[in-house]
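Coordinates in review
For reference, the chains in residue letters:
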Amino acid sequence: MTDNNNILLVTDYEETAKDILEKLVLLRDSDRITICNTKNLKKALTNSLYSIVILHEIESDDELTLKYISTIKEIKNDIEILLLLNDINPRLILKAYDLGIFDYFTMDSNEYDILIKTINCFKIRTLKDISARNEKFLYQQGVIDSKTNLYQYKHLKESFLEFAENLKIQNGTFVVLTLD
């Protein structure tokens, strides 16, 4: 059975789950939170539609926390991770960003801080979904060559004048590669 909820809270502590549920005021009626412990993480991610995982750090075991981040990214690379910390831990935060978390907050964070970071997470997830859809469309229409991952010459030629009018391109670098 597929879980249609869009946020997964991973914690081994019921009190933490209760606190986060009270602090995270969801704005949309379609937003739902599922809670699971670390033992059931893989099972919860399989056949699910989660956009965001809020991962509670494993107390006094940074390496295990990092391992769970890697596991989440291996199972669902397109999922966004918010790391929930008990206290600020700069070393863990930096390593977690290297593994692909979106952001972090602490148990002491204000409701508005948690809400803003969660909304920003949804926004970036939406932008990534739109980008992936548009890229797939370009491949299907033959605008991008599937072998080279470059724009086809005929499509680039048609759009070049429009590209040239863009101020960002006029004041920057634009490269056109062609195969000989």
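Parameters at a glance
Sequence positions are assigned chain by chain, starting from 1 and proceeding in written order. Owing to the predicted nature of the model, reporting of local features is limited to residues with pLDDT of at least 70; listing and counting of side-chain atom pairs is limited to 80 or more, with chain, interface and lining totals taken over all residues. Derived side-chain values reflect all non-hydrogen atoms in the structure, with water molecules and hydrogen atoms excluded from consideration. Strands are runs of DSSP state E lasting at least 2 residues, helices are runs of H or I lasting at least 4, and numbering of each runs from the N terminus. The reference for a compact globule is 2.2 Å times residues^0.38; the radius of gyration itself is calculated from the C-alpha atoms. Burial here depends on accessible area, computed with a 1.4 Å probe over protein chains only, as a share of the maximum for the residue type. Under 20% is buried, over 50% is exposed, and the range in between is partly exposed. Contact definition: two residues touch when any of their heavy atoms are within 4.5 Å. His is not counted, nor are the chain ends, whereas Lys and Arg count as positive and Asp and Glu as negative. Each charge is placed at NZ for Lys, CZ for Arg, CG for Asp and CD for Glu. Convention adopted: a line fitted to C-alpha atoms gives each axis, helices being fitted over their contacting stretch, and angles between N-to-C directions are expressed from 0 to 180 degrees. These descriptions rest on fixed angle ranges, namely under 35 degrees for roughly parallel, over 145 for roughly antiparallel, 65 to 115 for roughly perpendicular, and the rest for oblique. Two helices that cross are described as forming a left-handed crossing if the nearer one is turned anticlockwise from the farther one by less than a right angle, and a right-handed crossing if clockwise. Each residue gets one of three labels, nonpolar for Ala, Val, Leu, Ile, Met, Phe, Trp, Tyr, Cys and Pro, charged for Asp, Glu, Lys and Arg, and polar for the others, Gly among them. In this description, strands pair whenever DSSP reports at least two bridges between them.

**Side note on the overall build of the chain**
Looking only at helices and strands, the chain features seven helices and five strands. Along the chain direction, N to C, the helices and strands of the chain fall in the order β-α-β-α-β-α-β-α-β-α-α-α. Computed over its C-alpha atoms, the radius of gyration of the chain comes to 21 Å, more than 25% above the 16 Å expected for a compact globule of 180 residues. Its C-alpha atoms give the chain principal-axis dimensions of about 60 × 40 × 35 Å. Across the 180 residues in the chain, those meeting the buried criterion constitute 36%. For the chain, long-range pairs separated by at least 24 residues make up 62% of all intrachain contacts whose partners lie at least 6 apart in sequence. Taking the average place of the 22 positive charges on the side chains of the chain and the average place of its 29 negative ones, the gap between the two points comes to 6 Å.

**What to know about the packing of helix H3 (residues 62-75) against helix H4 (residues 90-99)**
Relative to each other, H3 and H4 sit at 20°, their axes nearing to 10 Å. Between H3 and H4, the interaxial angle falls into the category roughly parallel. The chirality of how H3 crosses H4 is right-handed. Contacts between H3 and H4 involve Asp-62, Glu-63, Thr-65, Leu-66, Ile-69, Ser-70 and Lys-73 from the former and Arg-91, Leu-92, Lys-95, Ala-96 and Leu-99 from the latter. For the contact of H3 with H4, the residue count by class is five nonpolar, two polar and five charged.

**Notes on the pairing of strand E2 (residues 33-36)**
With burial as the criterion, only one face of E2 is covered, namely that bearing Thr-34 and Cys-36; the residues Ile-33 and Ile-35 on the opposite face remain uncovered. Here strand E1 (residues 7-10) runs beside E2; their pairing, made up of four bridges, is parallel. Within E2, the residue paired with Leu-9 across the bridge is Ile-35.

So, to be careful, I would describe these as geometric facts and stop short of saying anything about function.
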